[in-house]
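Results of the structural survey
Listed here are the chains, written in short residue letters.
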Amino acid sequence: MSSTEEQQFPVAHLRPTLDEQFSFRSDVSNNADNMALDASAKTSLQSFVATEEWFQKPLVVVVIGASGDLARKKTYPSLFELYQHGLLPKETMIWGYARTAKTHLEFRDHLHPHLTPGQIPTSSKKLKDFLELCYYHNGKSYGDNEAYAAMLGEITGMDTFNAKDANVLYYLAIPPNVFAETVATLEGMPNAVVQGKTRFVIEKPFGRDTASCQALLDGFKGLGEEMQFRLDHYLAKPMVENLATLRMANPFLENMWNHEHVESVHIRFKEPFGTQGRGGYFDQYNIIRDVLQNHLLQVLLLVAMELPSSLFDSAGDESDSFRQAKIEVLERMPPIVLEDALLGQYDGYKDDPTIKNKDTNCPTYAALRCFVNSKRWKGVPFILEAGKALDQKVVDVQVKFKNRHPFPSNMVTIEVQPKPSMTMTAHMKPLGGASGTMDVTTTNLTTDYSFDGSDDILSKPIENAYSRLLLDVLRGHQNNFVRSDELVRSWEVFTPLLHQIERDNIQPVMYEYGSSGPSSRPAFMDEMVQANMKSSL
Ligand code: NDP
Ligand code: BG6
C-alpha cells in the first residue's frame, strides 16, 4: 500500500472504537507520518480512558500465585506497561499473594529484574514508583481464609488509600487445580471491604476435560458471567486480532476462503525449548491441553468463522457477534479421533526433575486433524500442530489453495510470531524463459506487520497481548475473552481423544530435542491431506 490513508481506512471503518484505533497496528512502515499518527492516537486513548468511570476510582489488583512464572514474566510487566502509559488509576495498589514467604521488599527485588531495561525500556524513576505500588502477602494455601482476610485487612487499613470505593481485580496466576478453592474462598470474603466491582481473570487451561470444565463453571456461577474474564492471550496477539480484518477488508482473500479453493489449513506452534522446570504442571496437562485446546483452537475459530455482518449493536457498542460466530464453528466440529493424531515426546523430557512419573506418556508434541462441517469448509482438513523442543520458534497459519493444473498451488502464510507478517506465493513466467512453455517460477509477496520504530516505550502502540487484555478487563470489555458455552464446546472436541490417550496408555513417538518432530511427521501430514482429497473426490 502506498499511503497512510489507505492503510488506516479499513481499520477505522471496521472497528471504530478509540480503543481499537489506538491499539491496532495498521501501518507497516516506520515513516515519520505514521509515527506521528501513533503518538496522537495514543494520547487520545489515554485521554479517552481517563474519562471512564472506573478510572476515577481506586483500584486494587491482587495477583494470586504472584511467586510464579506467569506473574513475573507476563502479569507484572504488563501492569507496569499500563502504568507507564498512564492507563492505571491514580490510586492503584498491586498485591501479590502466594504460599512462598516474602516481605514486601523481597518481593519487589524478585520482580525488579523482569521490569528492567532490556525487558521493557523505561526510566528508573518510573520503575521505582511502580515497585512502590507492589505489596505481597503469603498464606498457607490458596484456600487460606485467614491469610486472605489479613491481606484485605491490611489493604483497608491503609490511611493513604481509599479502599472502600475501590474496584478489585483478582488475577489467578495459579495452576488450574487450585482455581476452585481460590475462588470459593475469595467469594466468601466479607464484602464490606470493598464496594466497587470485583472482577476475576482466570488463566487457561480452564479444566482438564468437559466434565471438569463444567464443574469449574458451576463453582464460579456465583461470580456472575460478566465478572469472569477467561483469558487466552493468543486472542490479543496483533496478528490474531488482525485475522478477521484481513478477511473482511480483502475480498481477494475472503472470496477464496472456502472448500472450493482451499485444500488444507495448517496452524503451527513450534517452540525451541522444553518444559523448563514447568514439568510438574505440564505432565498433568500435556501439549493438547496446554496449547491446542486453547491457543490454536482460537486461531482456527477466527480463520473458519463466518464473518459477522456487524461488530456493533444498535447503540454502537461492541456486540457479542464475534463470540457467537466462533461458537457456531465449534458446533460444527466433530470430536477429533485417534487415527487423526500424531503424538510425540522429546528425548530427555522425563529427565526434568519436576516430572515425578518417569513412565509418563505425556505428549509434548501433537498434530491433530479436525474438520468444520459447515457449508464453507466441508471436507477441508484443518491441522493443528504444536510441539515443545522443536527446531524453531514460530506460530503461523498456512492456507494452501487447490492447484490449477498444470500450475503448482498457492499458499498464504500468516505468521503470528516471531515476525508478524503475511506472505503469499505467486507464480510467474520465468523472466527470459522460452516462449511456448508453461514453466513458472514462484515468488513471495510479503507484508510486515510489526512495529519497527523507536525503542521508547511511550512512542509505541501497546502490542503486548497481556497488557491489552488487562486493559480490556479494567474497562469491562468481554469480547476478547472466552465465553462459558464456548469453553464447554471446545472441550467436547478434544475430550474423547484425551481420555483415550490416558485410558489406553497411548505411547507417543519419541523425537530428538531440536528436531522438526517425530520422523513419521512428513508421512502423517501427507496422509492427512491426501486421504482427505481422495475421499472428497
Ligand atoms: P507456576 O507453576 O509458576 O505456578 C504459579 C504459583 O502457583 C507458584 O509460584 C506456586 O506458588 C503456586 N503453585 C504451583 N504449583 C502449585 C500446586 N500444585 N498447588 C498449589 N500451588 C501451586 O505456574 P505459571 O505461573 O507458569 O502458570 C500459572 C497459570 O498461568 C497456569 O494456569 C498456566 O497454564 C497459565 N499460563 C502460564 C503461562 C506461562 O508462560 N507461565 C502462559 C500462559 C498461561 P507458591 O508455591 O508460592 O504458592
Ligand atoms: C502458554 C503455555 O499458554 O503459552 C506455554 O502454557 C507456552 O507452554 C506459552 O510456552 C506460549 O506463549 P507465547 O506467547 O510465548 O507464544
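Residues numbered from 1 in each chain as written. Chains lettered and ligands numbered in written order. Predicted model: local features only at pLDDT ≥ 70, side-chain atom pairs only at ≥ 80, totals over all residues. Heavy atoms only, no water.

**Considerations on the overall build of the chain**
When its secondary structure is counted, the chain shows 17 helices and 15 strands. Classification of the 537 residues of the chain by burial places 54% in the buried group. Contacts in the chain between residues at least 24 apart in sequence constitute 77% of all its contacts with a sequence separation of at least 6. As displayed, the chain has an accessible area near 23,100 Å², and 53% of this comes from carbon and sulfur atoms. (Helix = DSSP H or I, 4+ residues; strand = E, 2+ residues; numbered from the N terminus. Buried < 20%, exposed > 50% of the residue type's maximum accessible area, 1.4 Å probe, protein only. Contact = heavy atoms within 4.5 Å. Areas by Shrake-Rupley, 256 points an atom, 1.4 Å probe, with all protein chains shown as cover.)

**A closer look at the sheet that holds strand β1 (residues 59-64)**
Within a sheet, neighbouring strands are paired by backbone hydrogen bonds and run either parallel or antiparallel to one another. What the six strands build is an open sheet, ordered β3-β2-β1-β4-β5-β6; its pairing is parallel. Each edge of the open sheet is held by one strand with a lone partner, namely β3 (134-138) and β6 (228-231). Each strand axis lies, on average, 20° off the axis of its neighbour in the sheet, ignoring direction. Two elements, strand β2 (residues 92-98) and β3, share five bridges in a ladder whose sense is parallel. When the bridges of β3 are listed, G96 appears paired with Y136. The strands touched by helix α5 (residues 69-84) are β1, β2, β3, β4 (167-172) and β5 (198-203); relative to β1, the strand with the most contacts, the crossing angle is about 165°. (Pairing = 2+ DSSP bridges. Axes fitted to C-alpha atoms, helices over the stretch in contact; angles between N-to-C directions.)

**Examining helix α6 (residues 104-111)**
Taken together, the buried positions of α6 are occupied by F107, R108, H110 and L111. Within α6, the buried residues cover an arc of 155° as seen down the axis, which keeps them to one side. Exposed and oriented more than 90 degrees from the buried face of α6 are L105 and D109. Buried residues in α6 make contact with α5, α7 (124-131) and β3. (Arc of directions from axis to C-beta.)

**Quick word on the site of ligand 2**
The full set of residues close to ligand 2 is K204, H233, Y234, K237, F269, E271, R278, D290, H295, K388 and Q417. Within the side chain of K237, an N or O atom sits 2.7 Å from an oxygen atom of ligand 2. Taken by itself ligand 2 offers 400 Å² of open surface, and the protein chains cover 85% of this. Residues belonging to the shell around ligand 2 are distributed by class as follows: two nonpolar, three polar and six charged. (Near = heavy atom within 4 Å. Polar contact = N/O pair within 3.5 Å; in protein donor to acceptor, adjacent residues only side chain to side chain. Nonpolar A, V, L, I, M, F, W, Y, C, P; charged D, E, K, R; others polar.)

**Thoughts on the nonpolar core**
Counting residues in each nonpolar core, the largest one holds 157 residues, and the members touching the most others are I64, I288, L292, L300, M333, F382 and F494. A per-element tally of this core places helix α13 (residues 279-304) first, with 15 residues. Shared between two domains, this core takes at least three residues from each, and those domains are domain 1 (46-203) and domain 2 (235-450 + 483-535). In this structure, L300 is in contact with I267, V329, M333, C370, V372, F382 and L384, ignoring residues within four places of it in sequence. (Core = buried A, V, L, I, M, F, W, Y, C linked by side-chain atoms within 4.5 Å. Domains from an automatic or database assignment.)

**Considering the packing of aromatic side chains**
All told, the structure shown has 20 aromatic pairs when counted by the stated rule. Centre to centre, the rings of Y83 and F130 are 5.6 Å apart; their planes meet at 50°, and the pair counts as tilted. With Y83 in helix α5 and F130 in helix α7, this pair connects stretches of sequence that are 47 residues apart. Its relative accessible area of 21% is what places Y83 among the partly exposed residues. Owing to a relative accessible area of 0%, F130 belongs among the buried residues under this scheme. Between W95 and Y135, the ring centres sit 5.0 Å apart and the planes meet at 15°, which makes this aromatic pair stacked. On the criterion of sequence distance, the pair formed by W95 in strand β2 and Y135 in strand β3 is long-range, its members being 40 residues apart. Classification of W95 by relative accessible area gives buried; the value is 0%. Overall, Y135 belongs to the buried group, its relative accessible area being 17%. (Phe/Tyr/Trp six-rings, centres within 6.5 Å; stacked < 30°, edge-to-face > 60°.)

**Some details on the confidence of the model for the chain**
Here the chain averages 86 in pLDDT, and 85% of its residues register 70 or above. Predicted confidence is poor over residues 1-40, with pLDDT under 50, and the contacts of this stretch with residues over four places away or in other chains come to 68 contacts. (pLDDT = per-residue confidence, 0-100.)

**A short note on the environment of Q417**
Looking at the secondary structure, you find Q417 in strand β12 (residues 411-417). Not counting the four nearest positions on each side in its chain, Q417 is found in contact with Y234, K237, K393, V394 and V395. Side chain to side chain, Q417 and Y234 meet in a polar contact 3.5 Å long. Engagement of the side chain of Q417 in a polar contact is seen with the side chain of K237, the distance being 2.6 Å.

**Observations concerning the site of ligand 1**
Of all residues adjacent to ligand 1, which total 21 residues, the nearest are S67, D69, T100, Y142 and K204. D69 has a polar side-chain atom sitting 2.7 Å from a nitrogen atom of ligand 1. Take T100: an N or O atom from its side chain is 2.4 Å from an oxygen atom of ligand 1. Here ligand 1 has 860 Å² of accessible area as a free molecule, and 79% of this is covered by the chains.

**Section: the packing of α5 against α7**
Packed helix pairs are characterised by how far apart their axes lie and by the angle those axes make with each other. Closest axis-to-axis distance for the α5/α7 pair is 11 Å, and the angle between their directions is 115°. Note on packing geometry: the crossing formed by α5 with α7 is right-handed. Together, Y76, L79, F80, Y83 and Q84 of α5 and K126, L127, D129 and F130 of α7 make up the contact between the two elements. Tallied by class, residues from the contact of α5 with α7 come to six nonpolar, one polar and two charged. (Left-handed = near helix turned anticlockwise from the far one by under 90°.)

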